[in-house]
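Structure at a glance
Residue strings, one per chain:
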Amino acid sequence: MKFELRDWKLDDAENLVRYANNPKVACFLRNSFPSPYTLDDAHMFIDQCMHRDQTKQSIKAIVIDNEPIGSVGLLIQDDVSCKTAELGYWLGEPFWGKGIMTKAIIQTCENGFANFDIFRIYGRPFVDNVGSRKALEKAGFQLEGVCKKAIFKNGKITDYCMYALIK
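An unreviewed UniProt entry annotates the chain as GNAT family N-acetyltransferase of Acetobacterium malicum. Per its UniProt entry, the chain bears the Sequence similarities (unreviewed entry) comment "Belongs to the acetyltransferase family. RimJ subfamily."

**Some details on the packing of aromatic side chains**
By convention here, two paired aromatic rings are described through the distance between centres and the angle between planes. Throughout the structure, instances matching the rule amount to five aromatic pairs. Here the aromatic rings of Tyr19 and Phe95 are separated by 5.5 Å at their centres, their planes lie at 70°, and the arrangement is edge-to-face. Here Tyr19, found in helix H1 (residues 13-20), pairs with Phe95, found in the loop between strand E4 (84-91) and helix H4 (100-115); they are 76 residues apart in sequence, far enough to count as distant. Residue Tyr19 is classed as buried on the basis of its relative accessible area of 11%. Consider the rings of Phe33 and Trp90, whose centres lie 5.8 Å apart with planes at 65°: the pair is edge-to-face. One end of the pair, Phe33, is in the loop between helix H2 (23-26) and helix H3 (39-51); the other, Trp90, is in strand E4, and 57 residues separate them in sequence. Phe33 gets classed as buried once you look at its relative accessible area, which sits at 13%.

**Focus: the UniProt feature "domain: N-acetyltransferase" (unreviewed entry) in the chain**
With numbering aligned to this structure, UniProt lists the feature "domain: N-acetyltransferase" (unreviewed entry) at residues 3-167. With 30% helix and 34% strand, the stretch residues 3-167 has end C-alpha atoms that lie 25 Å from each other.

**Some details on the pattern of salt bridges**
Evaluation of the coordinates by the stated rule reveals eight salt bridges. For the salt bridge of Glu86 with Arg30, the shortest nitrogen-to-oxygen distance reads 2.4 Å. Placement of Glu86 in strand E4 and of Arg30 in the loop between H2 and H3 is noted, with a sequence separation of 56 residues between them. Judged by relative accessible area, Glu86 falls into the buried class, the value being 11%. Judged by relative accessible area, which is 44%, Arg30 ranks as partly exposed. Between Lys83 and Asp117 there is a salt bridge whose closest N-O contact spans 2.3 Å. One end of the pair, Lys83, is in the loop between strand E3 (67-76) and E4; the other, Asp117, is in the loop between H4 and strand E5 (120-123), with 34 residues separating them in the sequence. Among the residues examined, Lys83 registers a relative accessible area of 33% and is labelled partly exposed.

**Here we look at the side chain of Thr84**
Considering the arrangement of structural elements, one finds Thr84 in strand E4. When neighbours within four sequence positions are excluded, Thr84 is seen to be in contact with Leu75, Ile76, Gln77, Ile118, Arg120 and Tyr122.

**Describing the nonpolar core**
Counting residues in each nonpolar core, the largest one holds 47 residues, and the members touching the most others are Ile62, Leu87, Ile105, Ile121 and Phe141. Among the elements that line this core, the one with the most residues is H4, at six residues. Dropping the residues within four chain positions of it, Ile105 is found in contact with Leu87, Tyr89, Ala135, Leu136, Ala139 and Phe141. Listed in part, the six residues of the second largest apolar core include Tyr122, Phe126, Ile151 and Tyr160.

Basis of the calculations
- Residues numbered from 1 in each chain as written.
- Predicted model: local features only at pLDDT ≥ 70, side-chain atom pairs only at ≥ 80, totals over all residues.
- Heavy atoms only, no water.
- UniProt positions renumbered as here; feature names shortened; annotations may be inferred.
- Phe/Tyr/Trp six-rings, centres within 6.5 Å; stacked < 30°, edge-to-face > 60°.
- Helix = DSSP H or I, 4+ residues; strand = E, 2+ residues; numbered from the N terminus.
- Buried < 20%, exposed > 50% of the residue type's maximum accessible area, 1.4 Å probe, protein only.
- Salt bridge = Lys/Arg side-chain N within 4 Å of Asp/Glu carboxyl O.
- Contact = heavy atoms within 4.5 Å.
- Core = buried A, V, L, I, M, F, W, Y, C linked by side-chain atoms within 4.5 Å.

This is the structure we're talking about:
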């Protein structure tokens, strides 16, 4: 499927809610990702994307036919990790398994290495998030290890995997 990565716009809010308001999406994301996901949450997220320091982040909408269906972004770390970025992403459930996220990750990482002074990009999918792990692996990320009992989500303790892509 053809898609584009572009900046978030205020009028994306309703489509953002359409795909983000899904427990199957939220269950593998940080607790800061609201569930249920409301129109107010969408407005706040888009506003934050539009007004954050662009030298420290790049968060894009994944768009098909002018409709946002997910998000992908890099957050530049600080202090001794200032040459590293964290990759974060999610995709609306109807678009899972179509190769979209792998391509979005590749494009995001290429842009990140070209536009930021970084040498490493990492992702931390939950150990049970097989689709996310496969997307990272297909995008060239290497599994560096499994962090045991490092996640507390929905009343359960679980592990996450540390994947990285090195420039």
